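Notes for the structure review
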Amino acid sequence: GAVVSQHPSRVICKSGTSVKIECRSLDFQATTMFWYRQFPKQSLMLMATSNEGSKATYEQGVEKDKFLINHASLTLSTLTVTSAHPEDSSFYICSARDPFSYNEQFFGPGTRLTVL
Amino acid sequence: QKEVEQDPGPLSVPEGAIVSLNCTYSNSAFQYFMWYRQYSRKGPELLMYTYSSGNKEDGRFTAQVDKSSKYISLFIRDSQPSDSATYLCAMFQGAQKLVFGQGTRLTINP
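The notes below deal with the structure included here. (Residues numbered from 1 in each chain as written. Chains lettered and ligands numbered in written order. Predicted model: local features only at pLDDT ≥ 70, side-chain atom pairs only at ≥ 80, totals over all residues. Heavy atoms only, no water.)

1. Looking at the state of the cysteines
Under the criterion given, the structure shown has two disulfides over all chains. Covalent S-S linkage joins A:Cys23 and A:Cys94, the inter-sulfur distance amounting to 2.0 Å. Where A:Cys23 bonds to A:Cys94 through sulfur, the torsion about that S-S bond is close to 80°, and the disulfide is right-handed. Taken together, the residues span a long stretch of sequence, with A:Cys23 in strand β3 (residues 19-25) and A:Cys94 in strand β9 (residues 90-98) at a distance of 71 residues. Residue A:Cys23 is classed as buried on the basis of its relative accessible area, which comes to 0%. Of the residues examined, A:Cys94 reaches a relative accessible area of 0% and is grouped as buried. Across a sulfur-sulfur distance of 2.0 Å, B:Cys23 and B:Cys89 are joined as a disulfide pair. (Disulfide = S-S within 2.5 Å. Helix = DSSP H or I, 4+ residues; strand = E, 2+ residues; numbered from the N terminus. Buried < 20%, exposed > 50% of the residue type's maximum accessible area, 1.4 Å probe, protein only.)

2. Here's the deal with the pattern of salt bridges
Under the counting rule described, the total for this entry stands at six salt bridges over all chains. Among the salt bridges present, the one from A:Glu22 reaches A:Arg24, with a minimum N-O distance of 3.4 Å. Judged by its relative accessible area of 24%, A:Glu22 is partly exposed. Where B:Glu57 meets B:Arg77, a salt bridge forms, and the shortest distance between an N and an O atom there is 3.4 Å. One end of the pair, B:Glu57, is in strand β6 (residues 54-58); the other, B:Arg77, is in the loop between β8 (71-76) and β9 (85-92), with 20 residues separating them in the sequence. (Salt bridge = Lys/Arg side-chain N within 4 Å of Asp/Glu carboxyl O.)

3. Examining the sheet that holds strand β1 (residues 4-6) of chain B
What holds strands together in a sheet is hydrogen bonding between their backbones, with the strands either parallel or antiparallel. Residue and element names in this part refer to chain B. Within the open sheet, the five strands sit side by side as β1-β3-β8-β7-β6. Their pairing is antiparallel. Lying at the two open borders of the sheet, with one neighbouring strand each, are β1 and β6. Strand-to-strand twist across the sheet, computed as the mean angle between neighbouring axes with direction ignored, equals 15°. Bridge count for strand β7 (residues 61-66) against β8 is six bridges, and the pairing is antiparallel. In the strand pairing of β8, Ala63 is matched with Leu74. (Pairing = 2+ DSSP bridges. Axes fitted to C-alpha atoms, helices over the stretch in contact; angles between N-to-C directions.)

4. What to know about the packing of aromatic side chains
Centre-to-centre distance and the angle between the planes together describe a pair of aromatic rings. On inspection of all chains with the given rule, the structure shows 14 aromatic pairs over all chains. With 5.4 Å between their ring centres and 45° between their planes, A:Tyr36 and A:Phe107 make a pair best called tilted. Of this pair, A:Tyr36 sits in strand β4 (residues 32-38) while A:Phe107 sits in strand β10 (residues 104-107), and the two are 71 residues apart along the sequence. Pair check on accessibility: A:Tyr36 and A:Phe107 agree, each one buried. For the ring pair A:Phe67 and A:Tyr92, a centre distance of 6.3 Å and an interplane angle of 45° mean the geometry is tilted. Separated by 25 residues along the polypeptide, A:Phe67 in strand β7 (residues 67-73) and A:Tyr92 in strand β9 bring together distant segments of the chain. You'll find A:Phe67 and A:Tyr92 in the same group, each marked buried. Taken together, the ring pairs connect A:Phe34, A:Tyr36, A:Phe107, B:Tyr36 and B:Phe100 into an aromatic cluster. (Phe/Tyr/Trp six-rings, centres within 6.5 Å; stacked < 30°, edge-to-face > 60°.)

5. Notes on the interface of chain B and chain A
Contacts between the two partners involve 20 residues from chain B, matched on the other side by 21 residues from chain A. The interface formed by chain B and chain A includes one salt bridge. Between B:Lys97 and A:Glu59 there is a salt bridge, with its nearest N and O atoms 2.6 Å apart. The interface formed by chain B and chain A holds five residue pairs in polar contact (both at pLDDT 80 or more) in total. In terms of residues, the side of chain B that touches chain A owes the most to one element, strand β4 (residues 32-38) of chain B, which gives three residues. (Contact = heavy atoms within 4.5 Å. Polar contact = N/O pair within 3.5 Å; in protein donor to acceptor, adjacent residues only side chain to side chain.)

Written out as structure tokens, the structure reads:
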């Protein structure tokens, strides 16, 4: 299957700082990428849909000024958690849709964010 | 009522057993059905992808879709300890977002 990478895999930061997470599709061009959040022992919660060259679409209840998403190229989307607080600590996972493979969606390995 | 229902388990079976994982859904517009496997602290890995009713087999895994009953299944034959993970069903229509089940935690005991 296609490969999606995320960087960093783990980040620890102080409260009030901003953290940027990168998501890359390595062997296909993804016009659409998705950002999820996952709490322990729970399923994935979609935060936003990121379309290349346009503004992201956020799910209800997700603060767009808190979670900034940029999808500047067909292979890269970034999620910036601004002014992070301990309640933002979570597992963040991106996925990319392959438009040339029946819209299959491939996930990155995830980024574990811990805010102290 | 959730759009996709999946028993969260946990499910524990002995090595070599046949495992059956199931999801039901309410939206008849769903066209594409996926099963993902997620190991602890890792991203989900796509296992099976189907877009029609019937069975699809890949090695020890068989995905089954019954659109008339709005019911999908994943069967694992000759289960191995390495199959221990959380299994997520997911589905979507057109170019819409994925809708996930809650995930079933599976443990295969040696």
